[in-house]
Amino acid sequence: MDNTQIKSLIKSQKDNYSLDQEFYTNDDIFKIDLENIFFKQWVFVGHTSRIPNVGDYFLFEIGFESIIIIRDKKNIINAHYNVCRHRGSRICLENEGNKKLLVCPYHAWSYKLDGSIQSARLMNGNFNKNEWGLHRCNVKIYEGLIFINLSKEPISFEEFIEPNKPYIELHGIKDAKIACRKVYPTYGNWKLTLDNFHECYHCQPSHPEFCLVHDPEYILAYGGGSGTGPSSEQFSRRLAQWNERTKKLGYITGEYSERNFNNFSRGAERTPLSEGKLSETRNGYPACKKLMGKFKEHDQGYTSVGPSPFNSLLMCNDFATLFTFIPKSTLQTDVELMWLVHKDAEEGKDYNLLDMIWMWDKTTIADKRIIEDNQKGVLSSKYKPGPLSQMETGLETFKNWYLMSLDLALN
Amino acid sequence: MDNTQIKSLIKSQKDNYSLDQEFYTNDDIFKIDLENIFFKQWVFVGHTSRIPNVGDYFLFEIGFESIIIIRDKKNIINAHYNVCRHRGSRICLENEGNKKLLVCPYHAWSYKLDGSIQSARLMNGNFNKNEWGLHRCNVKIYEGLIFINLSKEPISFEEFIEPNKPYIELHGIKDAKIACRKVYPTYGNWKLTLDNFHECYHCQPSHPEFCLVHDPEYILAYGGGSGTGPSSEQFSRRLAQWNERTKKLGYITGEYSERNFNNFSRGAERTPLSEGKLSETRNGYPACKKLMGKFKEHDQGYTSVGPSPFNSLLMCNDFATLFTFIPKSTLQTDVELMWLVHKDAEEGKDYNLLDMIWMWDKTTIADKRIIEDNQKGVLSSKYKPGPLSQMETGLETFKNWYLMSLDLALN
Amino acid sequence: MDNTQIKSLIKSQKDNYSLDQEFYTNDDIFKIDLENIFFKQWVFVGHTSRIPNVGDYFLFEIGFESIIIIRDKKNIINAHYNVCRHRGSRICLENEGNKKLLVCPYHAWSYKLDGSIQSARLMNGNFNKNEWGLHRCNVKIYEGLIFINLSKEPISFEEFIEPNKPYIELHGIKDAKIACRKVYPTYGNWKLTLDNFHECYHCQPSHPEFCLVHDPEYILAYGGGSGTGPSSEQFSRRLAQWNERTKKLGYITGEYSERNFNNFSRGAERTPLSEGKLSETRNGYPACKKLMGKFKEHDQGYTSVGPSPFNSLLMCNDFATLFTFIPKSTLQTDVELMWLVHKDAEEGKDYNLLDMIWMWDKTTIADKRIIEDNQKGVLSSKYKPGPLSQMETGLETFKNWYLMSLDLALN
């Protein structure tokens, strides 16, 4: 499929219908998606608490790329391509670990933790060490979140993060640590995975755990983000009351959403949990005794932040669930979850891990199955785009941003 | 490989030689085969006794297509594409089962068993339920056999089935039930699988069980169908005698074969079993006490019916072995066998299952290996079409029908 | 990638740098490599001692080709394509064995061990048996080594083998037998596998066993063949002394290397082992009591012969380690090792197998891992050719021969 064909396909997509089959199955479109959508976004791939000590590292892998995220002696976190500059060997072979020096296991070329070359034996006279440091990947640390960007000329990180700042900073992500991390390999295109994440029309049939924790009226009106469902008078009333009370407590309320099309696809909002619930757990009690960030008492609120299509932060007062969506191939996406708690919280004493991960672990396992069955059906010759419901506005918004971004990339 | 190249390749095939490598290995030709040969034929994929109750269903899968074969409240058997009209999810996830309603597991759109939509929550005002029933696949029931046809404008079922009718009806397939069903996944192109099925030149070296059950003179003259081997005076005499005796008993004899090229590739014939044998079992005794269909006593005959290249019925008086050949990919074919007995026969009391399936189970397992070794050799650069023997006329007939059908499809 | 693009890529390669990514990852280039480099070389694939008796055979498999190497009744070793001339089935299904007659398991066409047809049942009148013998592969036996060549018009075997003769004949390979044979499937392009074999820059970081056995100065100056490292005065002195002493003993010394580009990529050399060592074992003692070939006493020498890029012979006085590199697909190469000893040597009594295979088994397992990690890195978009060290001259020589051979093949 060439670019002209793809552009004409983009043009033929109908409002309020799902996308044509090709967008979910075509290898050429996937390649363009990866290089023009994913590689151009700032995506967080971890939290600094995963690599607390000098030399600690982990690998982030996407497509054929492997990135070493490593803390150097100046406590700076670097992102290096895991490719020796000599003859291309992988340097770090384990998924995570600690290195005093990055020594290539093949010929022992060695690099400092900041990526500059330390030594290369027996090179010819004209060899200039300065030219042969590791290839660097753009990296920014914000509130402990490690964002990378795989493009050559990344868009401004500051411009990107600005509108989400108050929502993230409220929760003290900087002073958090990872309580648990899980990866859910999902055999479906990344857009089917995100379609699923952008609507809660499927929550009632598919996610009993989510529906136990969250209010039906919230799910109806707000499941996939603000304004993604039909209006609910009941929930509007609850929201207004909660906003008022929360403002008095001194915490931020309200929402952010993009007004016009731009490079970003961001959103943020604060909403009340169900009446009487303090946290996103089965019984509504907190999973962790220590509150995070600016909270001095429970405000019974729930904060959703989506800095890009590939990340989400869903946060109660006592813990946060972070999502990274990693396109692996046309028909596979990895969904990685990190649960964060206050850095001083102790498992067993301050928090119960199983209570904390219960809902999103169960829900993500169910979504994996759902997306895989969706992908199978979408491969049929009889799959044609179907009409969206009143609860799939979030998906429609994402779809339109995607189509415009892709169209621009093909110019 | 484009259509012009394929047409020129068709033209260059030699009479009485096997096909060129490309026909057994090329992905473009496979795709055309699937859509222009398989999808245009009426193929039986099951028997009504597999789904006796309202709501009983099974799936038939080919390529990326999954078809739900389901009995509705009016006792009509429907074939629906297993693709939700909303966003394309698979609806039935299990291979077989029972459903009161076809509810999509994703967003709970529900369909009646006849495929019409029952409910879709929260759709926008202009949503017209009548437009969103399940995509239907052509289906016909004949003598309990469930035939489907995946083309848009299927050829006439009545015209198709006409010449095979007396042969099938003799055996009372309508009043039968499935005693056993097995699938043999075979790593070879579907045409290598059918080449194997259309000749008995390989029976003597490869199938001791078949040769124990059937008369060497029958195998020589008739193994791959009437007129597929050198004439055998001895067998002709036996056939003439048997025809005479059987006519007296009031049962049909003789054969059907296509005279001219047409859309169909049908054949049928009745022949005597070996002297003294009553059934296609190791010792020649019946595997089932209850006779099928019109038989009041054993006529010692054997009925072969091939309604299309993708099906075969091989029938004794007491049981029938039915074949479905399902092209899965260029290099894979599933061979599905169903053994049918009289619907009132009871296992253990009336029939012994192991006796019944013994020969075709052993023989199909051997054919699986044979076809796989054939495919490996055909992938070599040194494979060139070889000359056919006097016992491979059946294969030559199938080959010529295939080439002409393919050529027509490319116009 | 078409031939013009490949030719222009060849032109853009830089001296003393590794190759561009495409050469290690592109399927079109792999196909051309196989047919224009591998298939045109004489490659040994076994030793006559593997098939000592009439009817003994083994299979050699590359790409979609399977070759039967079999000893016939006249004690001639034949190489036949494992493809029946009738409808293409594989004839030999096991990796090795003994056959009185080559009978196709499908329809029982049978061939004599020399490949001529013995019988084909029931063929039509105009069938001429003489035309339907097995396709033959070029084969030559030299000193017990079985060389094959898969091209239509093979280059002269005599011209090919001439310069390596004295080095191979010294070691009595003709009077040897296989003590052990192992295959190491390696997930890397064949050129990454050979790059690895053509330099010893990686030996110090990666091969402790090799470095224990061989002298550091030898590794520095000679690891990847004569003149592949910086000069070592110390080793030059040792070499001169050893040459003198060895000449007195009456054994060949010195080396062979190609002066100008030609169809072949051959090399041979004799060097001394470390001071005091008699063999390539952990402690330097012989692994086998019986000396091979012309040796009457240990001359403490080591002979390396590379008749083509796809074979190597590394020989002490008491045993020889033989390598065959078999490209399987763009990203996979099999490395096959054979250890040879004197034909009369008895395991346990005359030789200890574990001592003998210790170094090259450990080293080849390590190389498998190294090459696989190299391939992963080379797939990254950030892999660019890197500068070679003073110890990678052997790799540079191989690279240039490969580029010129490929360029010629594309004319």
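Bear in mind that the values here come from a model prediction, so they are computed numbers and not experimental data. Per chain, the residues get numbers from 1 upward, laid out in the order the sequence is written. Going through the entries in the order they are written, you letter the chains from A and number the ligands from 1. Reporting in this predicted model follows two pLDDT cut-offs: at least 70 for local features of residues, and 80 or more for side-chain atom pairs to be given and counted; totals over whole chains, interfaces and linings ignore these cut-offs and use all residues. Where side-chain values are given, they derive from all heavy atoms of the structure, hydrogens and water being excluded.

## Brief notes about the overall build of chain A
- For helices the rule is a DSSP run of H or I covering at least 4 residues; for strands it is a run of E covering at least 2, with both sets numbered from the N terminus onward. The number of helices and strands found in chain A is twelve helices and 17 strands.
- The globule rule used here is 2.2 Å times the number of residues to the 0.38 power, and the radius of gyration it is set against is calculated over C-alpha atoms. The C-alpha atoms of chain A give 22 Å as radius of gyration, which agrees with the globular expectation for 411 residues (22 Å, within 12%).
- The dimensions of chain A, computed from C-alpha atoms along their principal axes, are 75 × 55 × 35 Å.
- Taking the intrachain contacts of chain A between residues at least 6 apart in sequence as the baseline, contacts between residues at least 24 apart amount to 67%.
- Per-residue and other accessible areas follow the Shrake-Rupley method at a 1.4 Å probe size, with only the shown protein chains counted as cover for residues. Carbon together with sulfur atoms contributes 47% to the accessible area of chain A, which is approximately 16400 Å² in total.
- The charge count treats Lys and Arg as positive and Asp and Glu as negative. His and the chain ends do not count. Here the site of a charge means atom NZ of a Lys, CZ of an Arg, CG of an Asp or CD of a Glu. Where the 50 positive side-chain charges of chain A centre and where its 52 negative ones centre are 5 Å apart. The contact rule is simple, with two residues in contact once any of their heavy atoms fall within 4.5 Å.

## Regarding the state of the cysteines
- Here, two cysteine sulfur atoms that lie within 2.5 Å of each other are counted as a disulfide. Under the definition given, this model contains three disulfides over all chains.
- No disulfide involves C104(A); its sulfur sits 3.9 Å from the nearest other cysteine sulfur, which is in C84(A).
- In this model C288(C) remains outside any disulfide bridge; the closest cysteine sulfur is found in C316(C), 11 Å from its own.

## With respect to the interface of chain B and chain A
- On the side of chain A, 33 residues touch chain B, which itself brings 24 residues to the contact.
- Note: buried area is the sum, over both parts, of the accessible area (probe 1.4 Å) each one loses when the two are combined. Counting the surface lost from both chain B and chain A, the interface buries some 2500 Å², and carbon and sulfur atoms represent 55% of this.
- Salt bridges are identified by distance alone: a Lys or Arg side-chain nitrogen within 4 Å of an Asp or Glu carboxyl oxygen. Taken together, chain B and chain A are joined by two salt bridges.
- The residue R87(B) makes a salt bridge to E199(A) at a minimum N-O spacing of 2.8 Å.
- Think of a polar contact as two N or O atoms within 3.5 Å of one another; within protein, one of them needs to be a possible hydrogen donor and the other a possible acceptor, and neighboring residues in sequence only count if both atoms come from side chains. Where chain B packs against chain A, one counts 18 residue pairs in polar contact (both at pLDDT 80 or more).
- Gly is put with the polar residues, along with every residue not named as nonpolar or charged; the nonpolar set is Ala, Val, Leu, Ile, Met, Phe, Trp, Tyr, Cys and Pro, and the charged set is Asp, Glu, Lys and Arg. Grouping the amino acids of the side of chain B that touches chain A by side-chain chemistry returns 13 nonpolar, six polar and five charged.

## Considering the relation of the copies chain C and chain A
- Copy-to-copy superposition: least squares on the C-alpha atoms, limited to residues that have pLDDT of at least 70 in both copies. Overlaying chain C on chain A yields an RMSD of 0.0 Å, the required transformation being a rotation through 120° with an accompanying axial translation of 0.0 Å. Classification of the inter-copy transformation places it as that of a three-fold axis.

## Overview of the pairing of strand 17 (residues 332–342) of chain B
All names here are of chain B.
- Each residue gets one of three labels from its accessible area relative to the maximum for its type: buried under 20%, exposed over 50%, partly exposed in between, using a 1.4 Å probe on protein chains only. Burial analysis of strand 17 places eleven of its eleven residues in the buried class, the great majority of the element.
- Across ten bridges, strand 11 (residues 176–186) lies against strand 17 in antiparallel orientation. Looking at the pairing, A176 lines up with H342 of strand 17.
- Pairing between strands is defined by DSSP: at least two bridges between them are needed. Pairing analysis gives nine bridges linking strand 16 (residues 320–329) to strand 17, with the strands arranged antiparallel. By the bridge assignment, A320 is partnered in strand 17 with L340.
- Counting the residues in the hairpin turn of strand 16 and strand 17 gives two residues.

## Description of the interface of chain C and chain A
- Contacts between the two partners involve 33 residues from chain C, matched on the other side by 24 residues from chain A.
- Overall, the association of chain C and chain A removes approximately 2500 Å² of surface from exposure, summing both partners, and the carbon and sulfur fraction of that is 55%.
- When residues of chain C are sorted by the area they lose upon contact with chain A, Y201(C), K382(C) and P387(C) head the list and together hold 26% of the total.
- Put simply, chain C and chain A have two salt bridges between them.
- Taken together, the links from chain C to chain A amount to 18 residue pairs in polar contact (both at pLDDT 80 or more).
- Where the side of chain C that touches chain A is concerned, the elements lending two or more residues are helix 6 (190–197), helix 7 (203–206) and helix 11 (353–378) of chain C.
- Partitioned by chemical class, the residues of the side of chain C that touches chain A number 14 nonpolar, twelve polar and seven charged.

## What about the packing of helix 3 (residues 27–36) of chain A against helix 12 (residues 393–409) of chain A?
Residue and element names in this part refer to chain A.
- To obtain an axis, a line is fitted to C-alpha atoms, over the contacting stretch when the element is a helix, and the angle between two such axes runs from 0 to 180 degrees between their N-to-C directions. The contact between helix 3 and helix 12 brings their axes to 10 Å, and the two run at 90°. Taken together, the axes of helix 3 and helix 12 lie roughly perpendicular to each other. Here I29, I32, D33 and N36 of helix 3 come into contact with helix 12, specifically with Y402, L406 and A409.
- The class makeup of the residues in the contact of helix 3 with helix 12 is five nonpolar, one polar and one charged. Put simply, angles under 35 degrees are roughly parallel, angles over 145 are roughly antiparallel, angles from 65 to 115 are roughly perpendicular, and the rest are oblique.

## A short note on the sheet that holds strand 4 (residues 77–81) of chain A
Residue and element names in this part refer to chain A.
- Spatial strand order, 4-3-2-5: four strands in an open sheet with antiparallel pairing. At either margin of the open sheet sits one strand with a lone partner, and together these are strand 4 and strand 5 (96–98). Neighbour-to-neighbour, the strand axes of the sheet open up by a mean angle of 25°, direction not taken into account.
- As judged from the six bridges shared by strand 2 (residues 56–62) and strand 3 (residues 65–71), these two strands associate in the antiparallel manner. Across the sheet, residue L59 finds its bridge partner in strand 3, namely I68.

## Describing unusual backbone geometry
- Look at Q300(B): it is not a glycine, yet its phi comes out positive at around 60°.
- Residue position: Q300(B) is located in the loop between strand 13 (267–272) and strand 14 (301–308).

## As for helix 3 (residues 27–36) of chain B
- Those residues of helix 3 of chain B that fall on the buried side of the exposure criterion are I29(B), F30(B), I32(B), D33(B) and L34(B).
- Looking at where helix 3 of chain B begins, the residue whose side-chain oxygen comes 2.8 Å from the main-chain nitrogen of D28(B) is N26(B).

## Quick notes on the environment of I178(C)
All names here are of chain C.
- Tracing the chain through its elements places I178 in strand 11 (residues 176–186).
- Residue class for I178 comes out partly exposed when judged on its relative accessible area of 21%.
- In this structure I178 touches H47, S49, R50, M338, W339 and L340, once residues within four positions along its chain are discounted.

## Points about a positive patch on the surface
- On the surface, K73(A), K100(A), K112(A) and K129(A) cluster together into a positively charged patch.
- Positionally, K112(A) belongs in the loop between strand 7 (110–111) and strand 8 (117–119). Patch membership requires over 30% relative accessible area and the absence of a salt bridge. Like charges are linked within 9 Å, and nonpolar side chains (Val, Leu, Ile, Met, Phe, Trp, Tyr) within 5 Å.

## Looking at the pattern of salt bridges
- Summed over all chains, the structure comprises 54 salt bridges over all chains.
- Residue R87(C) is joined to E392(B) by a salt bridge in which the shortest nitrogen-to-oxygen separation is 2.7 Å. Linking R87(C) in the loop between strand 4 (77–81) and strand 5 (96–98) with E392(B) in the loop between helix 11 (353–378) and helix 12 (393–409), this pair reaches from one chain into another.
- Since its relative accessible area comes to 4%, R87(C) is described here as buried.
- When salt bridges that share partners are traced, they join R87(A), E199(C) and E392(C) into one network.

## Notes on the packing of aromatic side chains
- Two aromatic rings from Phe, Tyr or Trp, using only the six-membered ring of Trp, form a pair when their centres are within 6.5 Å; if the ring planes differ by under 30 degrees the pair is stacked, by over 60 it is edge-to-face, and anything between is tilted. For the structure shown, the criterion picks out 77 aromatic pairs over all chains.
- Relative to F157(A), the ring of F147(A) has its centre 5.2 Å away and its plane inclined at 65°; by these criteria the two rings are edge-to-face. Of this pair, F147(A) sits in strand 10 (residues 145–149) while F157(A) is found in helix 4 (residues 157–161), placing the two residues ten residues apart along the sequence. Across the pair, F157(A) and F147(A) agree in class, each one buried.
- Seen in terms of ring centroids, F197(B) and F323(B) are 4.9 Å apart; in terms of plane orientation they differ by 55°. Their pairing is tilted. Of this pair, F197(B) sits in helix 6 (residues 190–197) while F323(B) sits in strand 16, and the two are 126 residues apart along the sequence.
- The rings of F23(A), F38(A), F39(A), W190(A), F310(A), F398(A) and Y402(A) are connected pair by pair, giving a single aromatic cluster.
- For a lysine, the NZ atom is tested; for an arginine, the CZ atom; a charge sits over a ring if that atom is within 6 Å of the ring centre and within 35 degrees of the ring normal. Its guanidinium or amino end placed over the ring of Y17(A), K14(A) lies 4.0 Å from that ring's centre, counting from NZ or CZ.

## Overview of helix 10 (residues 233–249) of chain C
Residues and elements named next belong to chain C.
- In a helix, the anticipated span is given by 1.5 Å times the number of residues less one. With 17 residues, helix 10 extends 24 Å from end C-alpha to end C-alpha; this agrees with the ideal 24 Å at 1.5 Å per step.
- Where helix 10 is concerned, the buried positions are F235, R238, L239, W242, N243 and T246. Buried residues in helix 10, looked at end-on, bunch into an arc of 140°, giving them a common side. Exposed positions of helix 10 whose direction lies more than 90 degrees from the buried face are E233, Q241, E244, K247 and K248.
- In the segment just after helix 10, G250 is the residue with positive phi, at about 95°. When we speak of the arc, we mean the arc of directions from the helix axis to the C-beta atoms.

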